[in-house]
Amino acid sequence: MQAEVIASLSNIPFLAGLPEEALEALASRAKVIKFPKKAMIIAEGDQTSSLYIILSGKVRVFGSNDKDKEVTLLIQEAGSYFGELALLSDEPRSAAVEAQEKTVCAVIAKTDFIHWLKLHPDAAIALLKVLSEKVPGCVKTSNNKRSAFNIELNPN
């Protein structure tokens, strides 16, 4: 299972290219959790702060629009991940995640990730790069009101 976690970590953009020893150290902090079909892994608004790497199975990422209608945002399968922004933020989860079939995830808690990140500053630089690439897309989507949630940066 450890090798599978390391392989999955190496496919995450901000971790790709890191030395195998660094990935092994992070993988050793992961807890493997099994979710049955239809299990709610994360609820929208939760205060959880972990990274989830899907080792097997399939999940649906969804949220509610301004009319409280459920909107599917994404279907993810083995090799995908979610929760990376929660590793660095204290904001509540912006979407829910539900297992569409029996799903196994490697879960890395924020405290473990931060401890690991302090020991691997090269990963911090890669993470900043990936996050900086996401921000302009979020702002553009928000400003054009094309977001499923119609997010506004300055609601006042």
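In the block above lies the structure referred to throughout.
Residues numbered from 1 in each chain as written. Predicted model: local features only at pLDDT ≥ 70, side-chain atom pairs only at ≥ 80, totals over all residues. Heavy atoms only, no water.

Trainee: Describe unusual backbone geometry, listing the residues and the values that go with them.
Mentor: Positioned with a positive phi, K38 is a non-glycine residue whose angle comes to about 75°. Following the sequence through the fold, K38 ends up in the loop between β1 (31-35) and β2 (40-42). Positioned with a positive phi, D68 is a non-glycine residue whose angle comes to about 55°. According to the relative accessible area criterion, D68 is exposed, its value standing at 69%. (Helix = DSSP H or I, 4+ residues; strand = E, 2+ residues; numbered from the N terminus. Buried < 20%, exposed > 50% of the residue type's maximum accessible area, 1.4 Å probe, protein only.)

Trainee: Describe helix α3 (residues 110-119), listing the residues and the values that go with them.
Mentor: Within α3, burial applies to K110, D112, F113, W116 and L117. Looking down the long axis of α3, one finds its buried residues gathered within 155° of arc, a one-sided arrangement. Those residues of α3 that are exposed and aimed more than 90 degrees away from the buried face are T111, K118 and L119. (Arc of directions from axis to C-beta.)

Trainee: Residue-level account of the pattern of salt bridges, with values.
Mentor: One pass over the full model with this rule turns up four salt bridges. R60 is the partner of E98 in a salt bridge, and the nearest nitrogen-oxygen pair spans 3.7 Å. Taken together, the positions of E98 in strand β7 (residues 96-99) and R60 in strand β4 (residues 58-64) put the pair 38 residues apart, joining distant regions of the chain. The same class applies to E98 and to R60, which are both buried. Its salt-bridge partner being K110, residue D90 comes within 2.6 Å of it at the nearest N-O pair. Highlighted residues: D90 in the loop between β6 (81-82) and β7 and K110 in helix α3, separated in sequence by 20 residues. (Salt bridge = Lys/Arg side-chain N within 4 Å of Asp/Glu carboxyl O.)

Trainee: Give me the nonpolar core: which residues, what numbers.
Mentor: Generally speaking, nonpolar side chains in soluble globular proteins are found buried as a group. By size, the foremost hydrophobic cluster in this structure holds 27 residues, and its most contacted members are L9, I12, L15, I53, I108, F113 and W116. Excluding its chain neighbours within four sequence positions, the residues that come into contact with F113 are F14, L26, L87, I108 and L127. Core analysis: the second largest hydrophobic core is formed by 14 residues, V61, F82, A95 and V97 among them. (Core = buried A, V, L, I, M, F, W, Y, C linked by side-chain atoms within 4.5 Å. Contact = heavy atoms within 4.5 Å.)

Trainee: Could you give an account of the sheet that holds strand β8 (residues 103-109), with specific residues and numbers?
Mentor: Ordered by their spatial adjacency, four strands build an open sheet running β1-β8-β3-β6, and the pairing between neighbours is antiparallel. Strands with a single pairing partner mark the edges of an open sheet, and in this sheet they are β1 and β6. In the packing of α3 onto the sheet, contacts are made with β1, β3 (50-56) and β8, and the angle to β8 comes to roughly 55°. (Pairing = 2+ DSSP bridges. Axes fitted to C-alpha atoms, helices over the stretch in contact; angles between N-to-C directions.)

Trainee: I'd like a rundown of the packing of aromatic side chains, residues and numbers included.
Mentor: Taken as a whole and judged by the stated rule, the model has three aromatic pairs. An angle of 10° between the planes, with centres 4.9 Å apart, marks the rings of Y52 and F82 as stacked. Taken as a pair, Y52 in strand β3 and F82 in strand β6 lie far apart in primary sequence, 30 residues in all. Here the two residues Y52 and F82 agree in accessibility, since each one is buried. Geometrically, the ring pair formed by F113 and W116 is tilted, given 5.7 Å between the ring centres and 35° between the ring planes. Residue F113 and its partner W116 are located together in helix α3, separated by three residues, close to a single helical turn. Like W116, F113 is buried. (Phe/Tyr/Trp six-rings, centres within 6.5 Å; stacked < 30°, edge-to-face > 60°.)

Trainee: Could you give an account of the sheet that holds β2, naming the residues involved and the relevant values?
Mentor: Taken in spatial order, the four strands make up an open sheet running β2-β7-β4-β5, and their pairing is antiparallel. The two strands at the open ends of the sheet, each matched to only one other strand, are β2 and β5 (70-77). Within this sheet the neighbouring strands show an average axis-to-axis angle of 30°, counted without direction. With four bridges joining them, β4 and β7 adopt antiparallel strand pairing. Across the sheet, the residue bridging to R60 is E98, located in β7.

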